Amino acid sequence: GQNIDQPTEMTATEGAIVQINCTYQTSGFNGLFWYQQHAGEAPTFLSYNVLDGLEEKGRFSSFLSRSKGYSYLLLKELQMKDSASYLCAVSENRGSTLGRLYFGRGTQLTVWP
Amino acid sequence: DAGVIQSPRHEVTEMGQEVTLRCKPISGHNSLFWYRQTMMRGLELLIYFNNNVPIDDSGMPEDRFSAKMPNASFSTLKIQPSEPRDSAVYFCASSSPHRDRYSGNTIYFGEGSWLTVV
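Residues numbered from 1 in each chain as written. Chains lettered and ligands numbered in written order. Predicted model: local features only at pLDDT ≥ 70, side-chain atom pairs only at ≥ 80, totals over all residues. Heavy atoms only, no water.

Asker: How should the overall build of chain B be read in this particular structure?
Answerer: Summing up its helical and strand segments, chain B has 0 helices and 11 strands in all. From first element to last, N terminus to C terminus, chain B shows the α and β order β-β-β-β-β-β-β-β-β-β-β. The C-alpha atoms of chain B give a radius of gyration of 14 Å, which matches the 13 Å a tight globule of 118 residues would have. Within the span of chain B, comprising 118 residues, buried residues form 49% of the whole. Expressed as a percentage of contacts within chain B between residues at least 6 apart in sequence, the contacts between residues at least 24 apart total 55%. Roughly 5900 Å² of accessible area belongs to chain B as shown, and the carbon and sulfur atoms make up 52% of that amount. In chain B, which carries 11 positive and 13 negative side-chain charges, the distance between the mean positions of the two groups comes to 4 Å. (Helix = DSSP H or I, 4+ residues; strand = E, 2+ residues; numbered from the N terminus. Rg over C-alpha atoms; globule rule 2.2 N^0.38 Å. Buried < 20%, exposed > 50% of the residue type's maximum accessible area, 1.4 Å probe, protein only. Contact = heavy atoms within 4.5 Å. Areas by Shrake-Rupley, 256 points an atom, 1.4 Å probe, with all protein chains shown as cover. Lys, Arg positive; Asp, Glu negative; His and termini not counted. Charge placed at Lys NZ, Arg CZ, Asp CG, Glu CD.)

Here's what the structure looks like:
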């Protein structure tokens with residue numbers, strides 16, 4: 001399996017910027033994903049990185065360094081609705097595991113007014 | 001476009017009863033995943049199908065669990081007999097055979113089936 005590590009909880013205030021880090025160990029790296037999951041709902045896709053660097057999508061950005069096994073999700077101009085769990089997931093391309101995603105435990109972000 | 005459709009959304013059953021969860025993947029997707037989510041263990045992959053064939057079932061907890069995918073548009077996850085420790089949210093997810101620069105092999109989740117075994 002994979003070792004995907006991310007903080008359990010984070011808090012921030014409305015309007016602020018927060019960075020959620022994720023480290024991983026895997027062979028046959030085939031991409032890194034971030035998902036958002038609100039309480040009682042399904043995970044929804046936020047971002048995908050397969051090459052090193054920053055991918056920006058509106059208020060959310062995701063960064064990847066493959067050599068360091070490291071990614072972060074950056075959330076800007078935080079809103080109350082951003083309170084959710086953020087899941088880091090890694091895709092492998094090794095043999096029978098092609099296409100499957102390994103998920104971290106998630107980081108519960110609470111945004112305060 | 002319709003997303004991944006799961007049923008039932010909620011089920012409460014007594015220990016020892018059989019539970020069948022159903023999933024219809026997104027049309028055109030050729031990979032289907034069954035995940036289980038609990039507070040203790042997070043999101044765990046139970047089994048993964050590609051083109052209706054089970055590829056990796058190493059996450060299936062024990063013989064009480066079984067999954068089938070008789071065709072490209074339907075899958076079931078069965079628990080028989082059910083136990084209280086099976087209480088969890090069971091998610092079905094699917095992914096497309098086509099990859100693009102911005103989403104790769106993203107998987108898309110259904111709304112989940114919330115199972116409580118008493």
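From this point, the discussion proceeds with the structure in view.
Asker: Even after reading the chapter, I still don't get the pairing of strand E8 (residues 70–75) of chain A, so can you show me in this structure?
Answerer: Residues in a regular strand point their side chains to alternate faces of the sheet. All names here are of chain A. Within E8, 5 of the 6 residues are buried, which leaves it mostly tucked inside the rest of the structure. The pairing of strand E3 (residues 18–25) with E8 spans 6 bridges and is antiparallel. Across the sheet, the residue bridging to threonine 23 is tyrosine 70, located in E8. As defined by bridge partners, strand E7 (residues 60–65) adjoins E8 across 6 bridges and the pair is classed as antiparallel. Each bridged residue has a counterpart across the sheet, and for serine 62 the counterpart in E8 is leucine 73. Between E7 and E8, which follow one another and run antiparallel, lie 4 residues, and glycine 69 among them has a positive phi close to 60°. (Pairing = 2+ DSSP bridges.)

Asker: What is the right way to look at unusual backbone geometry in this model?
Answerer: With the exception of glycine, most residues fall at negative phi, and the peptide bonds are largely trans. Residues and elements named next belong to chain B. Look at the link from serine 7 to proline 8: it is a cis peptide, with omega at -10°. Inspection of the secondary structure puts proline 8 in the loop between strand E1 (5–7) and strand E2 (10–13). Phi at asparagine 51 is positive, roughly 50°, even though this residue is not glycine. Of note, asparagine 51 is situated in the loop between strand E5 (42–50) and strand E6 (53–56). Asparagine 51 sits in the partly exposed class, given a relative accessible area of 48%. Phi at asparagine 52 takes a positive value of approximately 75°, unusual for a residue other than glycine. Classification of asparagine 52 by relative accessible area gives partly exposed; the value is 29%.

Asker: Help me out: how do you make sense of the sheet that holds strand E3 (residues 19–24) of chain B in this one?
Answerer: Consider a sheet: its strands pair through backbone hydrogen bonds, and that pairing is either parallel or antiparallel. Residues and elements named next belong to chain B. Taken in spatial order, the 4 strands of this open sheet run E1-E3-E8-E7, and their pairing is antiparallel. A strand with exactly one partner marks an edge of an open sheet, and here the two such strands are E1 and strand E7 (65–71). The average undirected angle you get between the axes of adjacent strands in this sheet is 15°. Looking at chain direction, E3 and strand E8 (residues 74–79) are connected through 5 bridges and run antiparallel. Of the residues in E8, the one forming a bridge with leucine 21 is leucine 77. (Axes fitted to C-alpha atoms, helices over the stretch in contact; angles between N-to-C directions.)

Asker: Just to check I follow, could you spell out the environment of Gly31(A) for this structure?
Answerer: Residues and elements named next belong to chain A. In this fold, glycine 31 is placed in strand E4 (residues 29–37). Taking the C-alpha atoms as reference, glycine 31 lies 23 Å from leucine 109; in sequence the two are 78 residues apart. Setting aside its immediate chain neighbours within four residues, glycine 31 contacts Tyr48, Asn49, Val50, Ala89, Val90 and Ser91.

Asker: So what exactly am I meant to see when it comes to the interface of chain B and chain A here?
Answerer: Of the residues lining the interface, 25 residues belong to chain B; the matching set on chain A comes to 21 residues. Counting every contact that joins chain B to chain A gives 0 salt bridges. Linking chain B with chain A are 6 residue pairs in polar contact (both at pLDDT 80 or more), by the criterion used here. At the level of elements, strand E4 (31–38), E5 and E6 of chain B are the ones that each hand at least two residues to the side of chain B that touches chain A. It is E5(B) that contributes the most residues to the side of chain B that touches chain A, 4 residues altogether. (Salt bridge = Lys/Arg side-chain N within 4 Å of Asp/Glu carboxyl O. Polar contact = N/O pair within 3.5 Å; in protein donor to acceptor, adjacent residues only side chain to side chain.)

Asker: What is the right way to look at the packing of aromatic side chains in this model?
Answerer: We describe a pair of aromatic rings using the distance from one ring centre to the other and the angle between the two ring planes. Going through the model one piece at a time under the given rule, you end up with 15 aromatic pairs over all chains. Between Phe103(A) and Tyr35(B), the aromatic rings sit 5.5 Å apart at their centres with planes inclined by 90°, giving edge-to-face as the arrangement. In this pair, Phe103(A) sits in strand E10 (residues 101–103) while Tyr35(B) sits in strand E4, so the two residues belong to two different chains. Of the two residues, Phe103(A) and Tyr35(B), both sit in the buried class. Members of the aromatic cluster, joined through ring pairs, are Phe33(A), Tyr35(A), Phe45(A), Tyr48(A), Phe103(A), Phe33(B), Tyr35(B), Tyr48(B), Phe91(B) and Phe109(B). (Phe/Tyr/Trp six-rings, centres within 6.5 Å; stacked < 30°, edge-to-face > 60°.)

The analysis is restricted to geometry; functional conclusions fall outside its scope.
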